[in-house]
Amino acid sequence: MIEFRNVAVRTRRTITPVSFTGINLRIDPHDRLALLAPSKSSLALILGTLCAANPPDAGSVIRGSSISWPIPSNACFHKHQSFVANARFIARLYEMDQRTFIPKVIELAGVQDIADERLDHCPSTATSRFALALGISLPFDIYLFTNTSAGEKEDREKFNEMVAELANHSGLVIAACSGKAAKVFCDKAYVLDPAGSVLYEDLDAALEHLERLTKRTPKTADDEEEFAEDDERPAEDFF
Amino acid sequence: MSQLIRTQFNVLKALTIHNLQGQMSSYKYGFAWLILEPLFFIVGFRLARKFFGGLASPAGMTPLMFYILGVFPIYLCFAGIRTFTIPGSRSKLLTFPRVTELDITLAAILASFAIYFLLFWIVAVGVSHYENAWPPQNILEIMLALIASLILGTAVGLFFSGLVRVFPPMKQFVGYLNFGIRMASGMFFVITMIPISAWPYLTWNPVLHITEMTRDAWFESYVSPIASPTFVAECALGLLLLGLLVERYMRRIPKT
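Note that the structure is predicted; figures quoted are calculated from it, not measured.

Scanning chain A from N- to C-terminus turns up eight helices and eight strands. Considered along the principal axes of its C-alpha atoms, chain A spans approximately 50 × 40 × 35 Å. Counting the 239 residues in chain A, one finds 44% classified as buried. If you take every contact in chain A between residues at least 6 apart in sequence, the share linking residues at least 24 apart comes to 68%.

Here is the structure:
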């Protein structure tokens, strides 16, 4: 279980600040829920707190279950290294058996023929497939997705099936600014309203609320740029 | 409990290797530059001293080993201090819920230690053979001095990580501190080259004790009148506790 109790968070040093107060949410290991926010920057703010990257400004976060990183984030990859080397890093970090984990991920991502190529020499579709495969190959109590599709059309179906399979025995959280994936996988949703989070058992009602919020929240150029940059620079060094 | 410790160890190992693999990755032959940097320093000092004159090497010490034993401990200390930016940064590795700021900081420190410790022995063994200064008198003391230097730097880095988050211009002060350490910690001198009247002031600096310890431990002919392992241990422990307390406190404060 992961629980937010009266959490408040806000962005800093931004032209158009985003803030949330009174966020109360609970994620259990067998939930299939969506976290819907009006903009990517507000979603990033909440995900940062959910993944323990940032402490909340107020309130508390109680963690009783393991949660994945926002899949398919590829921000920590070394782009000058191969798929195998990056998979090895994740295997080390999550204490997986490298002899079985790495071939499994490589096969799942369908990058066998370019497994030893540098990431920056490979097509971005291969990198996104790899990022998704890495996340779903690890055991977590709760899987956190920001996107459930990767690669070409035929890959998407395969990955969607795998995500659905994961949801049978683990918790599933889909964090998004639209309800497309949420409608496929989730049966309830939290809408992150600046005034507080609202839980909906009916996804259509949640999406309606989100639509109203989105209209009220103008997207800034900064916001768009920030995320475009993140997508294009998958493997920035961290020091 | 043992499982948790093993997990912590594995996380640190993974992050350290990740850090090593990423160092200077934007440059061609990036890792080579990392190794060459301290070597350039040593050769540069030696040449400067040769061409511009000045003080001769202290009695009983060979010229290149004199610099090597001064440069590496200070480099290790700087490697620790440099991590002051990490706890306040928004590292992308923090999206992994099992990774904390302290893990990333420790991984950076361990990576620097791995590089400079190995490099020290490669260079020191080669140069000391060339200058007939092999073997060292007390290897254990040298290793402990190098480790103490890293711990001191780490402690100061952790302490400043909190101050910089509260008061960002403090970054400038870290630059001045580095300059002060470089000048006053025995990179270019041993204490016997300094007037005795200045000793009571200079000996407050634990890094000077460390460079004195390394030279004392390497050369049989040099006995440092001031090197005090107890003082270094006390400073390292005290500063480390202070640094960890600051890091622990600042962890709950949102980053700017």
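This next bit is on the overall build of chain B. Regarding its fold elements, chain B presents nine helices and zero strands. Taken over the C-alpha atoms alone, chain B extends approximately 55 × 40 × 40 Å along its principal axes. Considering chain B as a whole, with its 256 residues, one finds that 42% of them fall into the buried category. Taking the intrachain contacts of chain B between residues at least 6 apart in sequence as the baseline, contacts between residues at least 24 apart amount to 76%.

A few words on the pairing of strand E6 (residues 171-176) of chain A. Residues and elements named next belong to chain A. Where burial is concerned, most of E6 is hidden: six out of the six residues are buried. Across the two faces of E6 the burial is the same, with Gly 171, Val 173 and Ala 175 and Leu 172, Ile 174 and Ala 176 all buried. By the bridge criterion, five bridges tie strand E3 (residues 32-36) to E6 in an arrangement that is parallel. Counted as the bridge partner of Ala 34 is Ile 174 from E6. Sheet topology places strand E5 (residues 142-145) next to E6; four bridges connect them, and they run parallel. Opposite Ile 142, over in E6, you have Gly 171 as the bridge partner. The parallel pair E5 and E6 is bridged by helix H5 (residues 153-169), and the resulting crossover is right-handed.

Moving on: the confidence of the model for chain B. Of the residues in chain B, 94% reach a pLDDT of 70 or more, and the chain-wide mean stands at 89. Overall fold confidence for the complex sits at a pTM of 0.87, while the interface term, ipTM, reaches 0.84.

What follows deals with the interface of chain A and chain B. Listed by partner, the interface residues are 25 residues for chain A and 26 residues for chain B. A class-by-class count of the residues in the side of chain A that touches chain B yields 13 nonpolar, five polar and seven charged.

Residues and elements named next belong to chain B. In this fold, Thr 62 is placed in the loop between helix H2 (30-52) and helix H3 (63-81). A residue is classified by how many C-beta atoms lie within 10 Å of it, and Thr 62, with 17 of them, is partly exposed. A C-alpha to C-alpha distance of 27 Å links Thr 62 and Ser 197, two positions 135 residues apart in sequence.

Take unusual backbone geometry next. In this structure, A:Pro72 follows A:Ile71 across a cis peptide bond, with omega equal to 5 degrees. Among the structural elements, A:Pro72 can be located in the loop between strand E4 (58-63) and helix H2 (83-93). At B:Asn132, a position not held by glycine, the phi torsion is positive, near 55 degrees. Within the secondary structure layout, B:Asn132 lies in the loop between helix H4 (101-130) and helix H5 (139-166). Judged by the 8 C-beta atoms lying within 10 Å of it, B:Asn132 falls in the exposed class.

Let's shift gears to the nonpolar core. One finds A:Leu36, A:Ile46 and B:Leu152 to be the most contacted residues of the largest nonpolar core, which totals 140 residues. With 15 residues, H3(B) is the single largest residue contributor to this core. Not counting the four nearest positions on each side in its chain, A:Leu36 is found in contact with A:Ala176, A:Gly179, A:Ala182, A:Ala189, A:Tyr190, A:Val191, A:Leu192, A:Ala206 and A:Leu210.

Turning our eyes to something else, we now look at the packing of helix H4 (residues 124-136) of chain A against H5(A). All names here are of chain A. Closest axis-to-axis distance for the H4/H5 pair is 11 Å, and the angle between their directions is 15 degrees. What the angle tells us is that H4 and H5 run roughly parallel. At the point where H4 passes H5, the crossing takes the left-handed sense. Across the interface between the two elements, Arg 129, Leu 132 and Ile 136 from H4 touch Asp 155, Phe 159, Met 162, Val 163 and Leu 166 from H5. Of the residues assigned to the contact of H4 with H5, the class counts are six nonpolar, no polar and two charged.

A separate point is H4(B). Across its 30 residues, H4(B) extends 43 Å between first and last C-alpha, which sits within 8% of the 44 Å expected from 1.5 Å per residue. After H4(B) finishes, the residue B:Asn132 shows a positive phi value of roughly 55 degrees.

For the rest of this paragraph, the subject is the packing of H3(B) against helix H8 (residues 206-218) of chain B. All names here are of chain B. Close contact between H3 and H8 brings their axes to 9 Å; oriented N to C, the two are set at 140 degrees. Regarding the angle of H3 to H8, the classification is oblique. When you trace H3 past H8, the crossing you get is right-handed. Counted together, Met 65, Leu 69, Gly 70, Pro 73, Ile 74 and Cys 77 of H3 and Val 207, Ile 210, Thr 211, Thr 214, Arg 215 and Trp 218 of H8 form the full contact between these two elements. Tallied by class, residues from the contact of H3 with H8 come to eight nonpolar, three polar and one charged.

Our focus in this paragraph is the sheet that holds E3(A). All names here are of chain A. As summarised here, the arrangement of the five strands in space is E5-E6-E3-E7-E8, forming an open sheet in which the pairing is mixed. A strand with exactly one partner marks an edge of an open sheet, and here the two such strands are E5 and strand E8 (196-200). With strand direction ignored, the average angle separating the axes of adjacent strands in the sheet is 20 degrees. Sheet topology places strand E7 (residues 188-193) next to E8; five bridges connect them, and they run antiparallel. In the strand pairing of E8, Tyr 190 is matched with Leu 199. Strands E3, E7 and E8 of the sheet are contacted by helix H7 (residues 203-216), whose axis makes an angle of about 20 degrees with E7.

How each quantity is defined
- Residues numbered from 1 in each chain as written.
- Chains lettered and ligands numbered in written order.
- Predicted model: local features only at pLDDT ≥ 70, side-chain atom pairs only at ≥ 80, totals over all residues.
- Helix = DSSP H or I, 4+ residues; strand = E, 2+ residues; numbered from the N terminus.
- Buried ≥ 20, exposed ≤ 12 C-beta atoms within 10 Å, placed from the backbone.
- Contact = placed C-beta atoms within 7 Å.
- Pairing = 2+ DSSP bridges.
- Right-handed = clockwise from strand over helix to strand, strands pointing away.
- pLDDT = per-residue confidence, 0-100.
- Nonpolar A, V, L, I, M, F, W, Y, C, P; charged D, E, K, R; others polar.
- Core = buried A, V, L, I, M, F, W, Y, C linked by C-beta atoms within 7 Å.
- Axes fitted to C-alpha atoms, helices over the stretch in contact; angles between N-to-C directions.
- Parallel < 35°, antiparallel > 145°, perpendicular 65-115°, else oblique.
- Left-handed = near helix turned anticlockwise from the far one by under 90°.
- Expected span 1.5 Å × (residues − 1).

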